[in-house]
Amino acid sequence: MISSLTVNLALLASFKYADFIVETVNALTGLGFKAPGILLPIGISFYTFQTISYTVDVYRGEVPAQKNFLNFILFVVSFHQLVAGPIVRYSHIAREIEERVFYLPDFSNGVTRFCKGLFKKVFIANTAGELCLQFLGQDMSQTTVAGEWFGLLMYSLQIYFDFSGYSDMAIGLGWMFGFHYHENFKHPYTATSITDFWRRWHISLGTFFRDYVYIPLGGNRRHPIRNMFIVWGLTGIWHGASWNFVLWGLYFGVILWFEKQVLLRLLDAMPNFVKHLYAIFFIVLGWAIFFFTDLSRLGSTLKVMFGMADVPLYNFQLDAAFWANAYWLVFALVMCAPLYARAHASLKQRLTAITYQWTVVFQNLVFLGVSVVLLVGQTYNPFIYFRF
């Protein structure tokens with residue numbers, strides 16, 4: 001187990017963190033080592049963590065070792081979720097690796113889930129990303145207070161619909177091929193605390209660090225504060241080789257610690273909308289730390305956002321962008337809530353089985369058609385997962 005962990009983590013450090021380590025050493029010592037500039041294999045963090053989880057689970061006796069090497073490789077490099085997650089544990093799909101059963105309803109549901117995920121990525125995430133770049137982190141001569149907040153809101157929408165869209169596509173593809181991956185996002189922007197948010201956001205990553213780092217370090221029994229900050233420092237650095245990601249992880253670690261010690265008891269006595277506003281404020285603010293790899297640029301942007309810079313409140317560019325995208329923005333915010341699932345559940349009860357099926361087919365055609373048109377017609381299609 002030790003040799004497996006050493007090799008896997010060494011490969012991850014070499015490919016993902018070599019430049020970061022060299023640049024940090026140079027900054028601290030004044031030396032001039034040349035960064036190796038190694039290209040990052042797409043998805044290396046995902047399949048490295050999957051391999052680690054398999055090794056540890058076998059060592060603990062929680063799952064039997066896979067005797068067939070091709071079956072093991074199928075688990076590691078399954079194309080459905082290889083480059084964009086979620087982090088799949090061997091125990092989740094061990095039986096399906098050995099023997100899968102094809103169900104037509106699963107295939108149908110997989111197509112629906114894939115079309116929904118593609119639509120979320122292309123129609124919502126990409127549009128939000130373009131709006132974000134127009135306003136977030138602009139030159140001081142062009143920026144406004146409201147513009148920075150609007151840009152940060154757009155980035156919050158982009159990163160959620162990008163990540164959850166890819167997870168939907170992976171889960172949908174898995175269903176088509178007989179694999180049942182666990183949910184990775186459960187409407188995180190409906191959270192009423194930061195603790196609640198992290199139970200809903202990137203669930204496979206959170207449970208990985210809980211089961212393979214936090215609990216082995218002692219969990220809540222021994223040195224819980226130390227364990228929490230180690231986990232959140234690692235959570236931050238997992239997302240990218242830059243100090244802003246470490247700061248982002250520790251930012252949430254501090255809030256979670258404060259919630260656990262004091263705030264959750266106070267929040268329990270407050271109305272839901274107050275708890276929701278509290279959670280959204282700190283979640284969105286955290287995305288500013290995540291967005292800016294340049295910490296000085298982050299500082300100047302935060303000054304603008306909180307009125308500590310000599311810039312106007314808003315301008316006509318923001319006014320025009322907001323009203324031009326008002327209907328899209330309402331739709332995106334609605335899609336953050338569980339209203340889509342509730343609407344489908346209601347339709348399924350009210351309509352006959354065949355009518356509901358044709359309604360779903362029509363929806364899938366619309367989602368797929370709009371996505372294809374946008375992919376063909378626009379050049380902006382960022383792949384945020386590349387850094388992972």
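These figures come from a predicted structure and were not determined experimentally.

**Some words on the overall build of the protein chain**
For step 1, the next point in the chain: For the protein chain, the count of helices and strands is 16 helices and zero strands.
For step 2, the next point in the chain: Taking 21 Å as the expected radius of gyration for a compact globule of 388 residues, we find that the protein chain reaches 22 Å, a close match to that expectation.
For step 3, the next point in the chain: Based on the C-alpha atoms only, the size of the protein chain along its principal axes is roughly 65 × 65 × 50 Å.
For step 4, the next point in the chain: For the protein chain, the proportion of its 388 residues judged to be buried stands at 49%.
For step 5, the next point in the chain: In the protein chain, the proportion of contacts linking residues at least 24 apart, taken out of those at least 6 apart, comes to 75%.
For step 6, the next point in the chain: Total accessible area on the protein chain is roughly 19600 Å²; 68% of this is exposed by carbon and sulfur atoms.

**Comments concerning unusual backbone geometry**
For step 1, the next point in the chain: Phi angles above zero are rare outside glycine, and His202 is one such case at about 40°.
For step 2, the next point in the chain: Within the secondary structure, His202 is located in the loop between helix 7 (194-200) and helix 8 (203-217).
For step 3, the next point in the chain: Taking relative accessible area as the criterion, His202 reaches 1% and is therefore assigned buried.
For step 4, the next point in the chain: Although it is not a glycine, His223 sits at a positive phi angle of roughly 50°.
For step 5, the next point in the chain: Note on placement: His223 falls in the loop between helix 8 and helix 9 (224-238).

**Notes on the state of the cysteines**
For step 1, the next point in the chain: This structure, assessed with the given rule, holds zero disulfides.
For step 2, the next point in the chain: Free of any disulfide, Cys132 has its nearest cysteine sulfur in Cys336, 15 Å distant.
For step 3, the next point in the chain: By relative accessible area, which is 1% here, Cys132 ends up buried.

**Description of the pattern of salt bridges**
Opposite charge on two side chains permits pairing when their charged atoms draw close.
For step 1, the next point in the chain: Counted according to the given criterion, the structure contains nine salt bridges.
For step 2, the next point in the chain: Asp211 is the partner of Arg89 in a salt bridge, and the nearest nitrogen-oxygen pair spans 2.8 Å. With Arg89 in the loop between helix 3 (69-76) and helix 4 (90-98) and Asp211 in helix 8, this pair connects stretches of sequence that are 122 residues apart. Here Arg89 matches Asp211 in class, with each residue buried.
For step 3, the next point in the chain: For Lys121, the salt bridge identified is with Asp162, shortest N-O distance 2.9 Å. With Lys121 in helix 5 (residues 104-135) and Asp162 in helix 6 (residues 145-177), this residue pair connects regions lying 41 residues apart in the sequence.
For step 4, the next point in the chain: Overall, the relative accessible area of 3% leaves Lys121 in the buried class.
For step 5, the next point in the chain: You can call Asp162 buried: its relative accessible area is 0%.
For step 6, the next point in the chain: Through salt bridges with shared partners, one network takes in Arg113, Lys120, Asp168 and Glu183.

**Notes on the packing of aromatic side chains**
For step 1, the next point in the chain: Enumeration according to the criterion identifies 51 aromatic pairs in this entry.
For step 2, the next point in the chain: Geometrically, the ring pair formed by Phe135 and Phe150 is edge-to-face, given 5.5 Å between the ring centres and 90° between the ring planes. Of this pair, Phe135 sits in helix 5 while Phe150 sits in helix 6; the two residues are 15 residues apart in sequence, bridging distant segments of the chain.
For step 3, the next point in the chain: Its guanidinium or amino end placed over the ring of Trp238, Lys16 lies 5.3 Å from that ring's centre, counting from NZ or CZ.

**Quick word on the nonpolar core**
Buried together is how nonpolar side chains tend to be arranged in soluble globular proteins.
For step 1, the next point in the chain: Core analysis: the biggest nonpolar cluster contains 76 residues, and Trp201 and Trp287 have the highest contact counts within it.
For step 2, the next point in the chain: Those residues in contact with Trp287 that sit more than four places away from it in its chain are Leu152, Tyr155, Ser156, Ile159, Tyr189, Phe197, Trp201 and Trp248.
For step 3, the next point in the chain: Formed by 13 residues, the second largest nonpolar core is a distinct cluster that contains Val63, Val88, Ala94 and Phe179.

**Things to note about helix 11 (residues 272-291)**
For step 1, the next point in the chain: Taking 1.5 Å of rise per residue, 20 residues should cover 28 Å, and helix 11 covers 28 Å from first to last C-alpha, within 8% of that figure.
For step 2, the next point in the chain: Of the positions making up helix 11, those classed as buried are Lys275, Tyr278, Ala279, Ile283, Val284, Leu285, Gly286, Trp287, Ala288, Ile289 and Phe290.
For step 3, the next point in the chain: Those residues of helix 11 hidden inside the fold are in contact with helix 6, helix 7, helix 10 (243-267) and helix 12 (295-305).

**A short note on the environment of Thr24**
For step 1, the next point in the chain: Structurally, Thr24 is set in helix 1 (residues 2-29).
For step 2, the next point in the chain: The class for Thr24 is buried, based on a relative accessible area of 18%.
For step 3, the next point in the chain: Separated by 230 residues in the primary sequence, Thr24 and Val254 have C-alpha atoms spaced 24 Å apart.

Cut-offs applied
Residues numbered from 1 in each chain as written. Predicted model: local features only at pLDDT ≥ 70, side-chain atom pairs only at ≥ 80, totals over all residues. Heavy atoms only, no water. Helix = DSSP H or I, 4+ residues; strand = E, 2+ residues; numbered from the N terminus. Rg over C-alpha atoms; globule rule 2.2 N^0.38 Å. Buried < 20%, exposed > 50% of the residue type's maximum accessible area, 1.4 Å probe, protein only. Contact = heavy atoms within 4.5 Å. Areas by Shrake-Rupley, 256 points an atom, 1.4 Å probe, with all protein chains shown as cover. Disulfide = S-S within 2.5 Å. Salt bridge = Lys/Arg side-chain N within 4 Å of Asp/Glu carboxyl O. Phe/Tyr/Trp six-rings, centres within 6.5 Å; stacked < 30°, edge-to-face > 60°. Lys NZ or Arg CZ within 6 Å of the ring centre and 35° of its normal. Core = buried A, V, L, I, M, F, W, Y, C linked by side-chain atoms within 4.5 Å. Expected span 1.5 Å × (residues − 1).

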